[in-house]
Structures are given as C-alpha cells and as structure tokens.
Protein chains: 2
Amino acid sequence: RLRDLADRRNSVIITDENVFRLHQLRFKGWNTIALKPGEAYKVQATVDNVIEQLLEIGADRSWTLIGAGGGVVTDIAGYVASVYLRGIRVGLVPTTLLAMVDAAIGGKNGVNHGGLKNMVGTIRQPGFILFDHSFLKTLPDEQWRNGFAEIIKHAAVLNAAMFRKLEQYDTTFYRKHPKDLAQLVSLNVLLKMKVVMADEKEAGMRRLLNFGHTLGHALEAQYELAHGEAISIGMAFAASASNRVNGFSQETRLISLLLQYGLPVHAEFEHERIVEAMLRDKKKTKDQVHLVLLEKIGRGVVSPVAIKELQSFFT
Amino acid sequence: RLRDLADRRNSVIITDENVFRLHQLRFKGWNTIALKPGEAYKVQATVDNVIEQLLEIGADRSWTLIGAGGGVVTDIAGYVASVYLRGIRVGLVPTTLLAMVDAAIGGKNGVNHGGLKNMVGTIRQPGFILFDHSFLKTLPDEQWRNGFAEIIKHAAVLNAAMFRKLEQYDTTFYRKHPKDLAQLVSLNVLLKMKVVMADEKEAGMRRLLNFGHTLGHALEAQYELAHGEAISIGMAFAASASNRVNGFSQETRLISLLLQYGLPVHAEFEHERIVEAMLRDKKKTKDQVHLVLLEKIGRGVVSPVAIKELQSFFT
C-alpha cells in the first residue's frame, strides 16, 4: 500500500535495524536507511548522519521521507523531514503499538539532548500515516506494555468509557483478538487527533497528554527504564498528587489497571535528582511546574504546582 | 527599544564577536551568546553549542531568543528558536544592510552542510524585527556591497522604479544621506514582506528572490567570495541566460548598475565543478533546474531549464 502513497524513485525509508531485519522483504526496492535501534540513538548525531545520507542519495525537495518503525524512528524521520532543505514531505508507518496510538500522531518530533527528552524538535504534521497491524505480530512484550501505558493514559485523562473497557480485558486478550485491538488502536488515534487538532501547539488541551510524563521523562533520563514503565510510575505519582491537590479519590482504580497491563507503579529513586530533572522539563515556566492531574477517571486537568509543593510530594 | 519587546530576565541575545565588540554597551544587562563571526560558523555544531548554552542558562518555553547581527546570526537564531524545546519566540535585530533588507525578513533560517548553503533549516516568521540604522555606522565596505547586491536583486526582479532610482545614485550617496538610505531599506523590507506573505513556502512568487542565487550559492560554496559578490556574478550570469532564453535585452543596464555599486560581474571558475554544485541546489527537481530569469528590468520569471541547456550556457 505504501506504493500508492509514495514513489519509490524519490523516497527514502528510515527504519531501525530490528524492523529491517524482521521485515526485510517489505523494504525491497526502496531506498532505506536503517538506524541503530534504541532511545540512545535519538540524538542530533543521528540526524546529522541521516542528512548526510540524504545528500549523498541526492534527495531534493520533491522527495518523501518515510519513517517506518517505533517512536524513535518516527520522531527522527519527522524531525529530519522538517529541517532538511527547510522541509520535505514525510510519511509515517508506525510499527509498534506505542507509535500507532501516540508517537506517530500529532506531528511532534525531535531528539534528546544531554539525557533530556525531546529538547530539540518541531511540531509538523506528516503527509500520511499508514497503519499496518501485521507489524504487531513481531512486537516484543516490553513494547506491548509501552503501548498500553499510553492507551491507559488516554483513558485516564480523556475517556472513562475506554477506561472501563480496559478494566475488563488485558494484554493477552488484545493480542489474541486483532479486531478488538484494531478498534482500540483506532479509538486512540481518533482521541489523540481530536486533541491535536484542537490544540496543535500545546497551549491548552494537548497538555493533558503529558499525564505521567513530567516524572516519567525525568525517570527515563536518569534510569534505565522503558518509556511505558517510566510513564506508568509517573501516572501513579500523578494520581497520588491529584489526591493531595484535587481530592481525587480513584487512585486505586488507576493503580490496578496499570498493574493489570503489566506496568510498574512504584520505583525507588533519589528524590532530589529526580525533582531537579523534573524542573528541567519543557513544560516548566518560571517557578511553577504544570502538572497534569486527575479530577476523576476520564477527566484530566492542568494544574500549576509551585516547586516547593512538588518537592513536598516526595517526602 | 529592545526592552519594550523582550524581558531581559528571560531573553538571550545571540550575536557575533564583531558586533559584540563594537556595541558592547548595548548588551549590558542581557544574557548574551557571542558566536565566532563568519559563514564558516553557520553550521550544525554552532547550533548544538547554542542549545547547550540555552540549557545551561535554563531557558524555558517562556523565553525569547534575540538574534542581533548579520545574516549568519539571524539565520542561526531563527533556526535554534524554531527547534529548541520545539520552538520558542524569536526576535531579530539585523545589524547589516544585507540582514535588514533580506536575511532577517521572511522567516527563512538555517545552517550550511558540507559547503552547501542552507541545506538544513525551517521557515518560521519571527515575533518581532527591530530596525536600528545606527548599527550601519560601523559597517565595513564589503557589507555595503553585500546589502546593495540584494537591493539590486529586488529592483531587477520586482521594481523597475527602484532600479531607475538606484541608477541615479551610488553607495557613497546613501552612506552620506541616512534619510534616503532609511527610505530605501523600508521599501526593500516592504517589497520582500509582500512577496513572503503571498508565498511563504516558496511555491511561486518567492522563487523570484532567488535571482542570481543558484550560481551565486555554487560559487560561494566553492570559492572565497562574499555573498554579495557571488550573487552579483550570479545575476550577471542570469541576465546573459535571460538573453538566450527570453531575448532579454537590458543586460548592459544590469551589469552597469552592479559595477556602479562596486560589485563584480564576472569570475574565472571551473565550469564543471560549478555546474555540479548548481545541481545540488535546493531548487533543483529531477532533471531540471529552476532558474530565475528576467523578461525585462523589474520583471523576473521562473523558468525550468534542462540541465543540458544549463551546461551549454557555460561554453
């Protein structure tokens, strides 16, 4: 189907070595750049390297860049396409559950800098997104957890009905029932697209999608944690903070759902180091952090929290 | 006046060492990053370095980045501001004639890559542009030529009346008559803004502003030439190409005006090497180059020229 969306003669696919190895036949006949897999390579040096290769291939402004992979790949492809020759067309083919329901949607892209997530990047919508659920067949367990962490996040801040549905099932069920999974993916894509269309630049509603991410990103930067694990711990923390700030009373339901999908809800960490990392978050302004809290399941709210108060949450 | 546009406590000025040295007092009390001057530093490594410093200073999304300098500085400031934290506010204070009439206007920014001009960047309009003509008092001769090269370009493709006015005077006159100079600058800013507003993404009319730039950029990449010199030679070449392709008959007037403002109209160079560099230009698509040619003084036109035909122009 990709051939209907882009011309092989003037397209380049960016993927990673894992995806390339598992799906080699699909890349036949396409210009392909296979990156080393993993968050560690989501850095400017990789971007420089891709740009170098695009120049060697002779890609001009009429070309399309296609990011086929997980969130790291789609983020790098989106970023390169937004700055190469001041912008060329980009298409995304998310191959992980996380990328399908989150990373590939909404136009955010970028790379990390000095251990801080997505410090450099742009917001620019892709020309197309191609969903091919057959990629999920080769997805490792950790990637299922990563995806469900974002799905639970969407449910927690935006959609109580989806939250109740998730409570009825688990990962094993969805892996065995591709149709239900496809429905769940579609619903999440629609949810996120709705938010992005209402607030592309993250001035209001889109901020809700950062639920669990302030602590999550700080943990990810400091410890070896998968994104889903980090934001799951972040969501559990935000639920507890919601209880203190808003009197949110459904903490147990969120914790239970996270555990049901194999996600951690607690970690031992050095509080000072993590608070410091939280304060370097992009969402910080002046002496406040904007935390996403819950009023109830399905309704998130952005609350400015003084840095002093934030510190008190950890003691 | 800058203080009315940006708060010193959450702003960073990017400038270069020359501007900083000549106008030190003006920077007092402002966070300042002074880059090494010159086109050689308009590269990704400088961008990485600025981002590093912004993180150290603790600049968050509420901050403003101010580019105070020539085209290199305004291009780097605009580019950094468009990708740092996925975009922060940018203001420009052009200090050279070239930056005032061209580089700072229109939102194009970026850095060079492997000797190729502006291969990486974005198009994003600044939050404000502050014109302070007193900076021109310290401008070296070469910079006056650079500025007038772009002014003559505007006249040649867009405004025959301005062309006739330029024919009546010279650089010495404008340096001695600040009021006439200010008027000329304003007219050029308006001209360029009109074009940019009609065609920000360079799909049509904005391409006219590339008059002289395809050969110019190629020469600049291969030889030690100032931007104004390079595009002056490029304009002379494009005038001759216009004669061959369109029967353009006012070649002599353009050549004379360029000479009148101290600009070169001819250079000895290796044709093959330069044609090759021209073919790596951003404006290239498939087997054609889009050259900006003149129908008459004041009216430019974008013409697709086959690569073979382009090569014949040099023999």
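If you're wondering where the values come from, they're calculated on a predicted model, not measured in any experiment.

## Let's talk about the overall build of chain A
A count of helices and strands for chain A gives 14 helices and nine strands. Taking 20 Å as the expected radius of gyration for a compact globule of 315 residues, we find that chain A reaches 19 Å, a close match to that expectation. Taken along its principal axes, the extent of the C-alpha atoms in chain A is 60 × 45 × 35 Å. Within chain A, the fraction of its 315 residues that count as buried is 57%. Pairs at least 24 residues apart make up 69% of the contacts formed inside chain A by residues separated by at least 6 positions. Accessible surface computed for chain A: about 13000 Å², of which carbon and sulfur atoms make up 50%. Charge-centre separation for chain A: the mean point of 39 positive side chains lies 6 Å from the mean point of 33 negative side chains.

## A look at the interface of chain B and chain A
Listed as interface residues are 32 residues of chain B and, on the opposing side, 32 residues of chain A. In this assembly, chain B packs against chain A so that about 2800 Å² is buried in total across both faces, 55% of it on carbon and sulfur atoms. Linking chain B with chain A are two salt bridges. The residue E202 of chain B makes a salt bridge to R61 of chain A at a minimum N-O spacing of 3.8 Å. Counting every contact that joins chain B to chain A gives eight residue pairs in polar contact (both at pLDDT 80 or more). Contributions of two or more residues to the side of chain B that touches chain A are made by helix 3 (44-57), helix 4 (71-83) and strand 6 (116-120) of chain B. Among the elements that make up the side of chain B that touches chain A, the one with the highest residue count is helix 3 of chain B (five residues). Of the residues assigned to the side of chain B that touches chain A, the class counts are ten nonpolar, eleven polar and eleven charged.

## Comments concerning unusual backbone geometry
One non-glycine residue, R86 of chain A, lies in the positive phi region at around 60°. Note that R86 of chain A resides in the loop between helix 4 (71-83) and strand 4 (89-94). The buried category is assigned to R86 of chain A, whose relative accessible area is 11%. Positive phi values are uncommon outside glycine, yet L85 of chain B reaches one of about 55°. Looking at the element boundaries, L85 of chain B is found in the loop between helix 4 and strand 4 (89-94).

## A few points about the sheet that holds strand 3 (residues 64-69) of chain B
Residue and element names in this part refer to chain B. On the basis of which strands lie adjacent, the open sheet formed by five strands has the order 2-1-3-4-7 and parallel pairing. Edge positions in the open sheet fall to strand 2 (31-35) and strand 7 (128-129), since each of these has one partner strand only. With six bridges joining them, strand 3 and strand 4 adopt parallel strand pairing. The partner of G69 across the bridge, within strand 4, is P94.

## As for the relation of the copies chain B and chain A
For the pair chain B and chain A, the relating rotation is 180°, the translation along its axis is 0.0 Å, and the fit reaches an RMSD of 0.0 Å. Here the two chains are linked by the operation of a two-fold rotation axis.

Reading the values: the criteria
Residues numbered from 1 in each chain as written. Chains lettered and ligands numbered in written order. Predicted model: local features only at pLDDT ≥ 70, side-chain atom pairs only at ≥ 80, totals over all residues. Heavy atoms only, no water. Helix = DSSP H or I, 4+ residues; strand = E, 2+ residues; numbered from the N terminus. Rg over C-alpha atoms; globule rule 2.2 N^0.38 Å. Buried < 20%, exposed > 50% of the residue type's maximum accessible area, 1.4 Å probe, protein only. Contact = heavy atoms within 4.5 Å. Areas by Shrake-Rupley, 256 points an atom, 1.4 Å probe, with all protein chains shown as cover. Lys, Arg positive; Asp, Glu negative; His and termini not counted. Charge placed at Lys NZ, Arg CZ, Asp CG, Glu CD. Buried area = accessible area lost by both parts, 1.4 Å probe. Salt bridge = Lys/Arg side-chain N within 4 Å of Asp/Glu carboxyl O. Polar contact = N/O pair within 3.5 Å; in protein donor to acceptor, adjacent residues only side chain to side chain. Nonpolar A, V, L, I, M, F, W, Y, C, P; charged D, E, K, R; others polar. Pairing = 2+ DSSP bridges. Least-squares fit on C-alpha atoms with pLDDT ≥ 70 in both.

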